[in-house]
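An overview of the molecular structure
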Amino acid sequence: MLLVQPSPELQSYIRITFNENPETRQRDLDSIKTWLRQQPHLPDAWDEQRIMTFLRGCNFSLETCKRKLDMYFTMKTAVPEFFRNRDVARPELRQILKQAHLVCMPGLTPDGKRVSIAGASPDFHLTNVADLFKLLTMMADVRLHAEKFGVAGDVYILDAAATSLTRQFLKMSPVLLKKFFVCVQEAYPVKIKEVHVVNAGPVVEMIMAVVRPLLKEKLRSRIHLHSRLESLHQFVPKDLLPEEYGGSAGRLEEVKENWTRTLEEYGGWFKEQEGVGADETRRPGRPTSYDTLFGVEGSFRQLTID
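Position numbers for residues start from 1 in each chain and track the written sequence from start to end. Per-residue local features of the predicted model are confined to residues with pLDDT of at least 70, and side-chain atom pairs are confined, for both listing and counting, to 80 or more; whole-chain, interface and lining totals are unaffected and use all residues. Hydrogen atoms and water are omitted, and side-chain values are computed over all heavy atoms in the structure.

**Looking at the overall build of the protein**
When helices and strands are counted, the protein shows 15 helices and five strands. By the compact-globule yardstick of 19 Å for 306 residues, the protein fits well, its C-alpha radius of gyration being 19 Å. Considering only C-alpha atoms, the protein reaches an extent of 50 × 45 × 40 Å along its principal axes. Throughout this description, buried means an accessible area under 20% of the type-specific maximum (1.4 Å probe, protein chains only), exposed means over 50%, and partly exposed covers the range between. When the 306 residues of the protein are sorted by exposure, 53% land in the buried category. Only the protein chains shown count as cover for residues, and the accessible areas themselves come from Shrake-Rupley with a 1.4 Å probe. Carbon and sulfur atoms form 54% of the exposed surface of the protein, whose accessible area is close to 14,300 Å². Neither His nor the chain termini are counted; the positive set is Lys and Arg, and the negative set is Asp and Glu. We put the charge of a Lys on NZ, of an Arg on CZ, of an Asp on CG and of a Glu on CD. Taking the average place of the 42 positive charges on the side chains of the protein and the average place of its 40 negative ones, the gap between the two points comes to 3 Å. Helix and strand labels come from DSSP, where a helix needs a run of H or I of at least four residues and a strand needs a run of E of at least two; each type is numbered from the N terminus. Radius of gyration: C-alpha atoms only; globule rule: 2.2 Å multiplied by the number of residues to the exponent 0.38.

**Thoughts on the packing of helix α7 (residues 129-146) against helix α9 (residues 174-187)**
Between α7 and α9, whose axes approach to 11 Å, the crossing angle comes to 5 degrees. On the basis of the axis angle, α7 is roughly parallel to α9. Residue-level inspection shows V129, A130, F133 and L136 of α7 in contact with α9, the latter providing L176, L177 and F180. Considered class by class, the residues forming the contact of α7 with α9 number seven nonpolar, no polar and no charged. Axis angles are defined between N-to-C directions and span 0 to 180 degrees, where every axis is a line fitted to C-alpha atoms and, for a helix, only to the segment in contact. Should an angle lie under 35 degrees it is considered roughly parallel, over 145 roughly antiparallel, and from 65 to 115 roughly perpendicular; all remaining angles are considered oblique. Contacts were defined at the residue level, with two residues in contact if any of their heavy atoms lie within 4.5 Å. Classification convention: Asp, Glu, Lys, Arg as charged; Ala, Val, Leu, Ile, Met, Phe, Trp, Tyr, Cys, Pro as nonpolar; all other residues, Gly among them, as polar.

**Side note on the environment of E243**
Within the fold, E243 resides in the loop between α12 (229-232) and α13 (252-265). C-alpha separation for the pair E243 and T74, spaced 169 residues apart in sequence, amounts to 39 Å.

**Examining the confidence of the model for the protein**
Each residue carries a pLDDT score, the predictor's confidence in it, ranging from 0 to 100. Averaged over every residue, the pLDDT of the protein is 89; the share at 70 or more is 91%. Long-range and interchain partners of residues 297-306, a stretch whose pLDDT sits below 50, account for 30 contacts in this model, where long-range means more than four residues apart.

**Considering empty space enclosed by the protein**
Points on a 1 Å grid over protein atoms alone make up a cavity when a 1.4 Å probe fits among them but cannot get out, and a pocket when they form an open set with protein on both sides within 12 Å along at least five of seven lines; lining residues each have an atom within 4 Å of a point. Grid points are joined across faces, edges and corners, and a volume is the space filled by probe spheres set on the points. Going through the model one piece at a time under the given rule, you end up with three cavities of 30 Å³ or more. Counted as a void, the second largest cavity has a volume near 50 Å³. Taken together, the elements giving at least two residues each to the lining of the second largest cavity come down to β1 (100-108) and α13. In terms of residues, the lining of the second largest cavity owes the most to one element, α13, which gives four residues. Tallied by class, the residues present in the lining of the second largest cavity amount to six nonpolar, one polar and one charged.

**Things to note about the pattern of salt bridges**
Only one rule defines a salt bridge in this text: a Lys or Arg side-chain nitrogen within 4 Å of an Asp or Glu carboxyl oxygen. Applying the stated rule across the entire model yields 19 salt bridges. Across the pair R50 and D47 runs a salt bridge, and its minimum N-O distance is 3.1 Å. Owing to a relative accessible area of 27%, D47 belongs among the partly exposed residues under this scheme. Here R283 and E280 are joined by a salt bridge, their closest N and O atoms 2.7 Å apart. Of the two residues examined, R283 and E280, each falls in the buried class. Linked through salt bridges whose partners overlap, the residues forming this network are R114, R143, E147 and D154.

**A look at the sheet that holds strand β2 (residues 113-120)**
To summarise the sheet geometry, strands pair through backbone hydrogen bonds and adopt either a parallel or an antiparallel arrangement. For two strands to be treated as a pair, DSSP must find no fewer than two bridges joining them. The sheet built from five strands is open, its strands ordered β1-β2-β3-β4-β5 with mixed pairing. Two strands in the sheet have a free side with no partner beyond their single neighbour: β1 and β5 (223-226). The mean inter-strand angle of the sheet, taken between neighbouring strand axes irrespective of direction, is 15 degrees. Of the strand pairs in this sheet, β2 and strand β3 (residues 153-159) are connected by six bridges, and their pairing is parallel. Considered in β3, the bridge of K113 is made with G153.

**Details of the packing of aromatic side chains**
By convention, a stacked pair of Phe, Tyr or Trp rings (six-membered ring in the case of Trp) has centres within 6.5 Å and planes under 30 degrees apart, an edge-to-face pair has planes over 60 apart, and any other such pair is tilted. Scanning the entire structure with this criterion turns up 11 aromatic pairs. With a centroid separation of 5.6 Å and 75 degrees between ring planes, the pair formed by F82 and F133 is classed as edge-to-face. Taken together, the residues F82 in helix α5 (residues 80-83) and F133 in helix α7 connect sequence positions 51 residues apart. Residue F133 is classed as buried on the basis of its relative accessible area of 4%. Ring geometry for Y266 versus F270: centroids 6.4 Å apart, planes at 45 degrees, classification tilted. For the pair formed by Y266 and F270, the shared burial category is buried. Working rule: Lys NZ or Arg CZ, within 6 Å of ring centre, within 35 degrees of ring normal, means a charge sits over the ring. One residue, R50, lies across the ring of W269, its end atom 3.9 Å from the ring centre.

**Things to note about helix α2 (residues 25-38)**
Taking 1.5 Å of rise per residue, the 14 residues of α2 would be expected to cover 20 Å, and the 20 Å separating its terminal C-alpha atoms lies within 8% of that figure. Turning to α2, its buried residues number three or more, namely D28, L29, I32, W35 and L36. End-on, the buried residues of α2 take up no more than an arc of 125 degrees, which puts them together on one face. Opposite its buried face, α2 presents the exposed residues R27, R37 and Q38, each directed more than 90 degrees away. Check the buried side of α2 and you find it contacts α3 (48-57) and α4 (62-78). Here the expected span of a helix is defined as 1.5 Å times the quantity of residues minus one. This arc corresponds to the set of directions leading from the helix axis out to the C-beta atoms.

What follows is the structure in structure tokens.
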């Protein structure tokens, strides 16, 4: 199974976390669907399950959900390097899937959080950094549909063992990095609860010294550096981790293969969604200024963290 769904007891806990009321849930969903039909620059209709995931990620605040959805479709138009040609059969994407370790683990923590891992093999090399971000947004889109009952938040484990991955990070342009941060934090209903950087060394600490000032205090306090896996296990249960990280949730390669198959299965949906995005020529008022949206200064320091 790609993602284990929460038990009935855990679903009840998650509903409380989301401010989700089963008696008004359908009314809220219908309200967002009506709002989408009324927006000339947005798609008239969209997948109900994905809309529900947005509602949950926005704690059932209709206004927050509208802003998040608007930004999601805006990003699909504004960042074609992330949202076009999303075919994992392409050699450049297949190579990343082979060399990188990009997985969302099947299980849930006792309090309903999902654990994702990002790392790479020693020979990892990127020809185009945007392709890595493309794959990550593809996985995020799969989760919008696959999280049938929602999760209480996300835990990210970033493995800095591959020095080649660190070198690739240092080559990223500030604007490309900003585009990815906007997508993750402003366009997807993500609740970042913990970020764990494992196998952290001096270079990673140097990178974090640069990145930390750009983040809100709430997120800065949720980042943990680990030089040894033992300290990671104090935060993340071993039964949710693959064997390579001292866990008992199977081999990392098996989880990777499952995700690769899933991305292939969603190929038709990715192709259908190529042209689904905001039409700025029809947006009421002034069109979105991409220069303002992705400028390195200004709003970069104002990204919100739930």
